[in-house]
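# A structural walkthrough
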Amino acid sequence: MKILIILLLLIIAGATDAFSQVAVIAHRAVQADTLTQSQLLDYFTGDIKSWADKTPVVVLDLKGQSEIKDSFYKRLGITSSRIKSIWLKKLLLGEGDAPEALKSEDDVVKRVASTPGAIGYVSRSKVNSEVKILRIVEKEKL
Amino acid sequence: MIRFKIAIFITALAICCSPAWSQTTDSDLKMFGYFQVSLTHQKDLPSENAVNSFQVQQLNIFLQKNLTTNWTAFINFEFLNSYSSFRNWGAHNLEEAWVSYRRSNQFKLKLGLQVPPFNNLNEIKNRTPLLPYIIRPLAYESSFNEIIAIEEFVPARAFVQIYGFIPWDKAKVEHAFFIGNSPNINNDPERGQTGVDSTNTFLFGGRLGLRFLNFKAGVSATFDDLDFSFLADTFLADTLNYPLTRLRKVPRIRLGGDFSFNVGKFSGEAEIIRVTYDDDHPDFNVDKEFFYGTLGYSFSEKLFLYGSYWATRENYHPVTDQDIDVFNGGASFALFDSLVLKAQYARVKIANSRQVPHEFDFDYYTLALSVVF
């Protein structure tokens, strides 16, 4: 009985972890296996536009405001409004387009799985085997 | 005739199949832009004379097309101050027409008419959605062109630019070097083709910067030669006994420094510009200085408040000197991403000295709507 309770607690703890973590995911063909926080910031601000093998980086974002979005950008050391202004500046200077923003985390997983060079972020619990995880970040308390 | 047709066919085939064209086009032609509509209440002090004015302060229309993965073409049409050729209002400019090539982050090339980077604001001075201001810091406010020689403070145009950044641990070293016309552009049809440089000199300039996390700083400089020979027929040449040959090529150096940061909800930016003319005459001095500093606070994702101070010091020895100081504060509120409301108050103090000392102040109250489409 004790073993059963411990197992149950471990499962609940694991599930809680999966919900409290943000996974940075990429298309399976992306050669990188891990990214530093600084590299992530470079990709999500459009400073770096291609992977090491020259495949263009396709950044996918989440639409509107959400806990996971704010938490992810806060972990990168930047606010989502600052990210918006960085991309607006790039757009108006002819340096690049803002990332496509998708409605739901499921949409992000699907699009990353089907788009070579794609990178996005979702709750860890949403990740499936069709994408690869490049980094796990703990959700920031907002 | 047949040989000619074959030659054309082979040439066309060669062009279509050449590596540059065989890379597929990345995008369709994209058209977008922005405009800012404002309402200004200006009150002269102490006379209390006031005027109210609505205007389309700025409208820019961009055309952009990614020609290949690495090449992008970009056109910027600009309309200022409720432009109307029929009513003789405002101005219309072909502000930019360039093609850029991106080899790597360290090396990018931009060819064609462009606004060069200089300090914080020059490159984005007309991108009104990026600025919280309605009236921009003095050296960047095109509507002050009649009060201040704004194109003497900052380079307005360049034609070739090499730029990029070099990663250095967590920091990035930004570099930009550009070449353009000297400022001596002919606008008199009787003196030949208009819109071309009437001298054999160029503008050379650049910016070196360092970006580290949310801090950014840089130094900028330009070097060009001014043709002051139009002064030859004025009293200045006689009074100062200035040789005409010396007036034809007066070296000018602009030096600038900029700094900006974002820390938590606070942000700030400041810059300084010094313009010197190497005229070699102790009694002739048209050197200039400009400074601005802004401190802002983001109350929320939508609301931003700021206070700012701007100053110019312009010499026109031996005629006059002009000092302008502007104290101002404002707010911007984003209704949504592409629609921002702005408000600004500015107290402007202008002081002229030397032969005819004169001082006057005025207040500006402005409201604006900034729209990206």
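This structure is a prediction, so every number in the text was calculated from the model and none was measured. (Residues numbered from 1 in each chain as written. Chains lettered and ligands numbered in written order. Predicted model: local features only at pLDDT ≥ 70, side-chain atom pairs only at ≥ 80, totals over all residues. Heavy atoms only, no water.)

All right, on to the confidence of the model for chain B then. Atomic detail in the predicted coordinates should be set aside for any region of low pLDDT. Residue and element names in this part refer to chain B. On average, residues of chain B carry a pLDDT of 86, and 88% of them reach 70 or more. Across chain B, the element-wise mean pLDDT spans from 38 in helix H2 (residues 19-22) up to 97 in strand S5 (residues 108-114). Here the predicted complex carries an ipTM of 0.85, next to a pTM of 0.84. (pLDDT = per-residue confidence, 0-100. Helix = DSSP H or I, 4+ residues; strand = E, 2+ residues; numbered from the N terminus.)

Bringing the interface of chain B and chain A into the picture now. The partner chain A presents 20 residues to the 27 residues of chain B that form the contact. In total, about 2,000 Å² of surface goes out of reach between chain B and chain A, with carbon and sulfur atoms giving 49% of it. Interface area lost by chain B to chain A is led by Arg102(B), Leu130(B) and Glu301(B), which between them contribute 24%. Here chain B is connected to chain A by five salt bridges. For Lys84(A), the salt bridge identified is with Asp337(B), shortest N-O distance 3.2 Å. Seen at the junction of chain B and chain A, the total is 10 residue pairs in polar contact (both at pLDDT 80 or more). For the side of chain B that touches chain A, the leading source of residues is strand S1 (residues 30-45) of chain B, giving three residues. Classifying every residue of the side of chain B that touches chain A by side-chain character gives 11 nonpolar, five polar and 11 charged. (Contact = heavy atoms within 4.5 Å. Buried area = accessible area lost by both parts, 1.4 Å probe. Salt bridge = Lys/Arg side-chain N within 4 Å of Asp/Glu carboxyl O. Polar contact = N/O pair within 3.5 Å; in protein donor to acceptor, adjacent residues only side chain to side chain. Nonpolar A, V, L, I, M, F, W, Y, C, P; charged D, E, K, R; others polar.)

All names here are of chain A. Judged by pairing direction, the sheet is mixed, and its five strands sit side by side in the order S3-S2-S4-S1-S5 without closing on themselves. Sheet topology places strand S3 (100-102) and strand S5 (131-138) at the edges, where each strand pairs with a single neighbour. With direction set aside, neighbouring strand axes in the sheet form an average angle of 30°. Bridging between strand S1 (residues 21-27) and strand S4 (residues 118-123) involves five bridges; their strand directions are antiparallel. Within the sheet, the bridge partner assigned to Ile-25 lies in S4 and is Gly-120. This element, helix H2 (residues 37-44), spans S1, strand S2 (58-62), S4 and S5 of the sheet and lies at about 115° to S4. Most of the contacts of helix H5 (residues 105-114) go to S4, to which it runs at about 150°, and overall it touches S1, S2, S3, S4 and S5. (Pairing = 2+ DSSP bridges. Axes fitted to C-alpha atoms, helices over the stretch in contact; angles between N-to-C directions.)

In this section: the packing of aromatic side chains. Residues and elements named next belong to chain B. Taken as a whole and assessed by the stated rule, the structure comprises 30 aromatic pairs over all chains. Considering the side-chain rings of Tyr-34 and Phe-62, the 5.7 Å spacing of their centres and the 65° angle between planes classify their relative orientation as edge-to-face. One end of the pair, Tyr-34, is in strand S1; the other, Phe-62, is in strand S2 (residues 50-66), with 28 residues separating them in the sequence. Judged by relative accessible area, which is 0%, Phe-62 ranks as buried. On the basis of an interplanar angle of 85° and a centroid distance of 5.4 Å, the ring pair of Tyr-133 and Tyr-306 is categorised as edge-to-face. Of the two residues, Tyr-133 is situated in the loop between S5 and helix H3 (150-153) and Tyr-306 in strand S13 (residues 303-316); the sequence distance between them amounts to 173 residues. (Phe/Tyr/Trp six-rings, centres within 6.5 Å; stacked < 30°, edge-to-face > 60°. Buried < 20%, exposed > 50% of the residue type's maximum accessible area, 1.4 Å probe, protein only.)

Attention shifts here to unusual backbone geometry. All names here are of chain B. A positive phi angle is found at Asn-81, which is not glycine, with a value near 50°. Its location among the elements puts Asn-81 in strand S3 (residues 71-84). What makes Asn-81 partly exposed here is its relative accessible area of 28%. Residue Leu-213 is not a glycine yet carries a positive backbone phi of 50°. Inspection of the secondary structure assignment puts Leu-213 in the loop between strand S8 (202-212) and strand S9 (215-226).

Before going further, it helps to examine the side chain of Asn105(B). Positionally, Asn105(B) belongs in the loop between strand S4 (89-102) and S5. Engagement of the side chain of Asn105(B) in a polar contact is seen with the backbone oxygen of Asp47(A), the distance being 3.4 Å. Here the side chain of Asn105(B) touches Arg102(B) through a polar contact of 3.2 Å, side chain to side chain.

This part is about the pattern of salt bridges. Using the criterion set out here, one finds 22 salt bridges over all chains in the structure. Lys172(B) is the partner of Asp42(A) in a salt bridge, and the nearest nitrogen-oxygen pair spans 2.7 Å. Separated into two different chains, Asp42(A) in helix H2 and Lys172(B) in strand S7 (residues 171-181) make up a pair that spans both. Residue classification places Asp42(A) among the buried positions, given a relative accessible area of 9%. Via salt bridges that share partners, Asp42(A), Asp47(A), Lys90(A), Lys172(B), Glu174(B), Arg207(B), Arg211(B) and Asp258(B) belong to a single interconnected network.

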